[in-house]
Amino acid sequence: MRLGLYVNLFAGKDDRPALADAVEQARLAEQAGFDWVVLGERHLHRPGYHEALTSLTWLAAHTERIGLATAGLIAPVYQPVWLAETLAHIDVLSGGRLTAGLVLCYRPEEFALYGVPPREKVARFEECLELITRLWTEESVTYEGRFTSVTDAFLSPRPAQRPRPRLWNGGRVPAALARTARMCDGWTTSFNETDAELPAKIAEYLSYERGPDTLGADVLVCREGYCAPTSQQARTALEDPLRGLYDAYGSWKRTSMDAARYAQEWDDIAARSVVGSPEQCVDGLGRYAAMGADGVILRVQPPGMPQADALRAIEGFGEVLGRLRG
């Protein structure tokens, strides 16, 4: 089982631009045996949210071995050549540690911010993915698209990884799962996908035909996580900050089909999380491995959780990984 740490990029009122807390968490996760540090993307949030790509570069400079992943970048709002070049350079600077996770996005405000009509998001997503993949792997690219056209384009340097960094994609509807199988190398679930739903979703994703240039069909399960000596200590640390985040999600996702999932009680949330004592967390990760997950991405620090509590959770999962890899 591979484990990712989803790092909190929400800025506090004091706005620490050096991302000192994220660096401390990433270094501890590296020591604890995590496979990735994972960043999300958000805009138009107060008091703020650190930009994902520059933050990823900062973490690359302050770590040595841990993988650097996104889950995910809002692909439809980016100029594809710029995104391909920037991600390639992060892979080079980090010594080949990048995994690029992408999403369609659901917030109308974020599309408006970048001047992208929401009705174009799927076409822009697919065009962006095609150009990124080709620019990463081909010596020269000529492409005539609906939104972007290039002639004899190339990247120098190309990514350090060969043939290219891996691509993940989120989404839960059949079209998104089919698109992921066709264009990407791994599927990242929603944090609120229930355990009852996951086996069928995983089977559906794996049933779709893979594209000829994909590098696999990994399943990455995103989950809330907290490991403490006892389950009550884990709940005490996580519940209030997580409830604050879910209340905010209920507002952000008002146009999304899964908005109601963020209004659930603790027992419902805990049932789809990896929370509790080391023994309980070992069992929780084993449950997802049995469903077919290749990795689990854990969000251990909602906004408002003290840094010391987040570090204790990371250390706890280091113990869990020691038991699993034993």
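Let us look at the structure shown here. Note that this is a predicted model, so its numbers are computed, not measured.

1. Some thoughts on the pattern of salt bridges
Line of reasoning, step 1. In total, this model carries 21 salt bridges according to the counting rule given.
Line of reasoning, step 2. Glu109 is paired through a salt bridge with Arg107; the nearest N and O atoms lie 3.9 Å apart.
Line of reasoning, step 3. Exposure remark for Glu109: the relative accessible area of 24% places this residue in the partly exposed category.
Line of reasoning, step 4. Residue Arg107 is classed as buried on the basis of its relative accessible area, which comes to 5%.
Line of reasoning, step 5. Where Asp185 meets Arg164, a salt bridge forms, and the shortest distance between an N and an O atom there is 2.7 Å. Highlighted residues: Asp185 in the loop between helix H6 (174-183) and strand E9 (186-188) and Arg164 in the loop between strand E7 (149-153) and strand E8 (166-170), separated in sequence by 21 residues. Taken individually, Asp185 and Arg164 each receive the classification buried, so the pair is uniform in this respect.
Line of reasoning, step 6. Each of Arg2, Arg166 and Asp218 takes part in one network of salt bridges that share partners.

2. Things to note about the packing of aromatic side chains
Line of reasoning, step 1. Enumeration according to the criterion identifies five aromatic pairs in this entry.
Line of reasoning, step 2. Consider the rings of Tyr6 and Phe191, whose centres lie 5.3 Å apart with planes at 80 degrees: the pair is edge-to-face. In this pair, Tyr6 is assigned in strand E1 (residues 2-6) and Phe191 in the loop between E9 and helix H7 (198-207), connecting sequence segments 185 residues apart.
Line of reasoning, step 3. Residue Phe191 is classed as buried on the basis of its relative accessible area of 10%.
Line of reasoning, step 4. With centroids separated by 5.7 Å and ring planes inclined at 45 degrees, the aromatic side chains of Trp187 and Tyr205 adopt a geometry described as tilted. You can see Trp187 sitting in strand E9 and its partner Tyr205 sitting in helix H7, a full 18 residues away along the chain. The pair formed by Trp187 and Tyr205 is uniform in burial state, with each residue classed as buried.

3. Describing the environment of Trp187
Line of reasoning, step 1. Residue class for Trp187 comes out buried when judged on its relative accessible area of 0%.
Line of reasoning, step 2. Not counting residues within four places of it along the chain, the set of residues in contact with Trp187 comprises Asn169, Gly170, Gly171, Leu177, Thr180, Lys201, Ile202, Tyr205, Asp218, Val219 and Leu220.

4. Observations regarding H7
Line of reasoning, step 1. Residues of H7 that are buried: Leu198, Lys201, Ile202 and Tyr205. Down the axis of H7, the buried set is contained in an arc of 100 degrees. They therefore lie on one face. Exposed positions of H7 whose direction lies more than 90 degrees from the buried face are Ala200 and Ser207.
Line of reasoning, step 2. The elements touched by buried residues of H7 are H6, E9, strand E10 (218-227) and helix H10 (278-291).

5. Digging into unusual backbone geometry
Line of reasoning, step 1. Here the residue pair Ser156 and Pro157 is connected by a cis peptide bond, since its omega of 5 degrees sits within 30 degrees of zero.
Line of reasoning, step 2. Its place among the elements puts Pro157 in the loop between E7 and E8.
Line of reasoning, step 3. Between Arg162 and the following residue, Pro163, the backbone shows a cis peptide bond with an omega angle of 5 degrees.
Line of reasoning, step 4. Relative to the elements of secondary structure, Pro163 occurs in the loop between E7 and E8.
Line of reasoning, step 5. The residue Leu44 is not glycine, and still its phi comes out positive at about 55 degrees.
Line of reasoning, step 6. Within the secondary structure, Leu44 sits in the loop between strand E2 (36-39) and helix H2 (52-61).
Line of reasoning, step 7. In this structure, Cys105 takes a positive phi of about 90 degrees despite not being glycine.
Line of reasoning, step 8. Along the chain, Cys105 falls in the loop between strand E5 (98-103) and helix H4 (108-114).

6. Details of H2
Line of reasoning, step 1. Three or more residues of H2 are buried, namely Ala52, Leu53, Ser55, Leu56, Leu59 and Ala60. Projection of H2 onto a plane perpendicular to its axis shows the buried side chains occupying an angular sector of 160 degrees, all on one side. Relative to its buried face, H2 has exposed residues pointing more than 90 degrees away, namely Thr54 and Ala61.
Line of reasoning, step 2. Against helix H1 (20-32), E2, strand E3 (67-70), strand E4 (73-74), helix H3 (80-93) and E5 lie the buried residues of H2.

Thresholds, definitions, all that
Residues numbered from 1 in each chain as written. Predicted model: local features only at pLDDT ≥ 70, side-chain atom pairs only at ≥ 80, totals over all residues. Heavy atoms only, no water. Salt bridge = Lys/Arg side-chain N within 4 Å of Asp/Glu carboxyl O. Buried < 20%, exposed > 50% of the residue type's maximum accessible area, 1.4 Å probe, protein only. Helix = DSSP H or I, 4+ residues; strand = E, 2+ residues; numbered from the N terminus. Phe/Tyr/Trp six-rings, centres within 6.5 Å; stacked < 30°, edge-to-face > 60°. Contact = heavy atoms within 4.5 Å. Arc of directions from axis to C-beta.

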